[in-house]
Amino acid sequence: MITKAQIRNVLDHPVYDTDGHKVGNAKHVFLDDATGEPDWVSVQTGMFGGSESFVPIRDAHMVEDHLEVPYPKERIKEAPNVDVDAGGHLSAEEEQRLYRHYSIDWDAAWKRANQPGDSGWADSGGAAGTAGTGTAGAAGMAERGRQEDTDSAMTRSEETLHVGTERQEVGRARLRKYVVTEEQEQTIPLRHDEVRVEREPITQTNKDAALSGPDISEAEHEVTLYEERPVVETRVEPVERVRLTTDERTEDETVRGRVRKERIEADMPDKAAEQASQEKHGRQDPGGAA
C-alpha cells in the first residue's frame, strides 16, 4: 500500500506491471477526497511518453527504485482516457469508467471510503480497487513531487523533453549461394596427319633399291594416319571468400514534442500594480523619496 509519505518516491520513477514488464514512468499521484490517501497514479506510456494512463495505487508497492502495480501492461495501456479538471479532480463519470475497467465495485468502494476507520479496498469482481467518494471524484489532488503551501507562495513547474533511443530490427541481409551454367570458349591447336604421294625418278643413287625386288609383281604398302582431338574436363577451384559485415553509422535526427509549462500571474490592486511597475522600470516614487 502506498502512503502519502511515499509520493515523492513514486513520482518520475518506473512503473512495472504484475508480470515484471515496464509500463512507463509515474507522472502524477491523485489523493482520495474522503480518506486523503493516494488513490490513483498516472503513468506516461509510449515511446516518448506521449500517452498517460490511470492506475489504482492502493495495492501497489515500491520495490527498490520502481513501483509495482497488480495489473498487466496491456490492461493499463487500454485504460479509458480521462480529463482532469483545473482543480485536479476526476468527474464521477470518469471515475466510474476507470472502476469498471479495473473490475472495481463502485458502490462497495464508496461505502468503504465513507465508513470511519475503514480505508481498505473494495472489489467484488476479484481485482484490487480503490475506495472512491462517488460524488466529487476519487482524485482529489495531484501531487507533483512536493507539498505546496499556496497560502504564502506558489511553485511553478515545467515539463522538459527527454529523448532516448531504442534499438529495433529494421531488416535482414543474407548470403545465398546458387549454381549457374555458362558457356566458355577456348582456342587450342590440333595436329593431324595428311597423306600425299611422292614420285621420284630412278637414278644411279636409288637404282639398286629399285631393282631389289621381282621384275613384275603385285604389292601393297599401308601408312597409319593420326590426328589430335580436343578433350574437355572441368575442375573445381576456389576463387574468393564472401562474408557479410555491418558498419554502424550515426545520424542526427530532430525530435519534436509538446511540453506544458505553468505560468503565474498576479491580480494586484491599482496602487500595488503601479508600485510594482515603477520598481520594474527602476523609477522611485517621488512621494516616498527621503
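Residues numbered from 1 in each chain as written. Predicted model: local features only at pLDDT ≥ 70, side-chain atom pairs only at ≥ 80, totals over all residues. Heavy atoms only, no water.

1. Considering the pairing of strand S2 (residues 22–31)
- Burial within S2 is extensive, with 8 of its 10 residues counted as buried.
- Relative to S2, strand S1 (residues 14–16) is paired through 3 bridges, and the arrangement is antiparallel. By the bridge assignment for S2, Pro-14 is matched with Asn-25.
- Here S1 hands over to S2 after 5 residues, with Gly-20 in that stretch at a positive phi of 85 degrees.
- The sheet contact formed by S2 and strand S3 (residues 38–45) spans 6 bridges and is antiparallel. From the neighbouring strand, Val-29 faces S3, where its bridge partner is Val-41.
- Between the antiparallel neighbours S2 and S3 lie 6 residues, among them Gly-36 with a positive phi of about 75 degrees. (Buried < 20%, exposed > 50% of the residue type's maximum accessible area, 1.4 Å probe, protein only. Helix = DSSP H or I, 4+ residues; strand = E, 2+ residues; numbered from the N terminus. Pairing = 2+ DSSP bridges.)

2. A look at the pattern of salt bridges
- All chains considered together, the criterion is met by 10 salt bridges.
- Notably, a salt bridge pairs Glu-158 with Arg-263, separated by 3.8 Å at the nearest N-O pair. One end of the pair, Glu-158, is in the loop between strand S7 (142–143) and helix H5 (207–210); the other, Arg-263, is in the loop between H5 and helix H6 (270–280), with 105 residues separating them in the sequence.
- Looking at Arg-263, the relative accessible area reads 61%, which means it is exposed.
- Residue Arg-191 pairs with Glu-228 through a salt bridge whose shortest N-O separation is 2.8 Å. Separated by 37 residues along the polypeptide, Arg-191 in the loop between S7 and H5 and Glu-228 in the loop between H5 and H6 bring together distant segments of the chain.
- Judged by its relative accessible area of 62%, Arg-191 falls in the exposed class.
- One salt-bridge network, in which partners are shared between bridges, spans Lys-27, Glu-159 and Arg-260. (Salt bridge = Lys/Arg side-chain N within 4 Å of Asp/Glu carboxyl O.)

3. Quick look at the environment of Tyr-16
- Within the element layout of this structure, Tyr-16 appears in strand S1.
- Between the C-alpha atoms of Tyr-16 and Ala-60, which are 44 residues apart in sequence, the distance is 9.9 Å.
- Those residues in contact with Tyr-16 that lie beyond four places of it in its chain are His-21, Lys-22, Val-23, His-66, Leu-67, Glu-68 and Val-69. (Contact = heavy atoms within 4.5 Å.)

4. Section: the packing of aromatic side chains
- If you walk through the whole model with that rule in mind, you get 4 aromatic pairs.
- A centroid spacing of 5.2 Å and a plane angle of 40 degrees characterise the contact between Phe-30 and Phe-54, whose relative ring orientation is tilted. With Phe-30 in strand S2 and Phe-54 in strand S4 (residues 51–56), this residue pair connects regions lying 24 residues apart in the sequence.
- Accessibility expressed as a relative area gives 4% for Phe-30, which makes it buried. (Phe/Tyr/Trp six-rings, centres within 6.5 Å; stacked < 30°, edge-to-face > 60°.)

5. Focus: unusual backbone geometry
- At Asp-12, a residue that is not glycine, the phi angle is positive and equals roughly 65 degrees.
- In this fold, Asp-12 is placed in the loop between helix H1 (7–10) and S1.
- Of the residues examined, Asp-12 reaches a relative accessible area of 59% and is grouped as exposed.
- Phi angles above zero are rare outside glycine, and Glu-64 is one such case at about 55 degrees.
- You can see Glu-64 is positioned in the loop between strand S5 (61–63) and strand S6 (66–68).
- Residue class for Glu-64 comes out exposed when judged on its relative accessible area of 77%.

6. Side note on the layout of surface pockets
- Approximately 690 Å³ is the volume found for the second largest pocket.
- Lining the second largest pocket are 15 residues, with Lys-177, Tyr-178, Val-179, Val-180 and Val-239 positioned closest to its centre.
- Of the residues that constitute the lining of the second largest pocket, the class distribution is 7 nonpolar, 2 polar and 6 charged. (1 Å grid on protein atoms, 1.4 Å probe; cavity = no way out; pocket = protein on both sides within 12 Å on 5 of 7 lines; lining within 4 Å. Points joined across faces, edges and corners; volume = space filled by probe spheres on them. Nonpolar A, V, L, I, M, F, W, Y, C, P; charged D, E, K, R; others polar.)

7. Thoughts on a nonpolar patch on the surface
- On the surface, Leu-161, Val-163, Val-255 and Val-259 cluster together into a nonpolar patch covering about 290 Å² of accessible area.
- Position of Val-163 among the secondary structure elements: in the loop between S7 and H5.
- For Val-163, a relative accessible area of 47% puts it in the partly exposed group. (Patch = residues over 30% accessible without salt bridge, like charges linked within 9 Å, V, L, I, M, F, W, Y side chains within 5 Å. Areas by Shrake-Rupley, 256 points an atom, 1.4 Å probe, with all protein chains shown as cover.)

8. Considerations on the nonpolar core
- Counting 28 residues, the largest nonpolar core has Val-10, Trp-40, Val-41, Val-55, Ile-57, Leu-67 and Tyr-102 as the members making the most contacts within it.
- Broken down by element, this core gets its largest block of residues, 5 residues, from S2. (Core = buried A, V, L, I, M, F, W, Y, C linked by side-chain atoms within 4.5 Å.)

9. Quick notes on the environment of Val-55
- In this structure, Val-55 sits in strand S4.
- Residue classification places Val-55 among the buried positions, given a relative accessible area of 0%.
- Once you skip the residues sitting within four places of it in the chain, Val-55 turns out to touch Asp-39, Trp-40, Val-41, Val-43, Val-69, Tyr-71, Ile-76 and Tyr-102.

10. Digging into the confidence of the model for the chain
- A residue-level look at the chain finds 74% of positions with pLDDT of 70 or above and a mean pLDDT of 77.
- Predicted confidence for residues 116–150 stays below pLDDT 50, and this span has 125 contacts to residues more than four positions away or in other chains.
- Considering only residues more than four positions removed or in separate chains, one finds that residues 284–290, a stretch of pLDDT under 50, has 2 contacts. (pLDDT = per-residue confidence, 0-100.)

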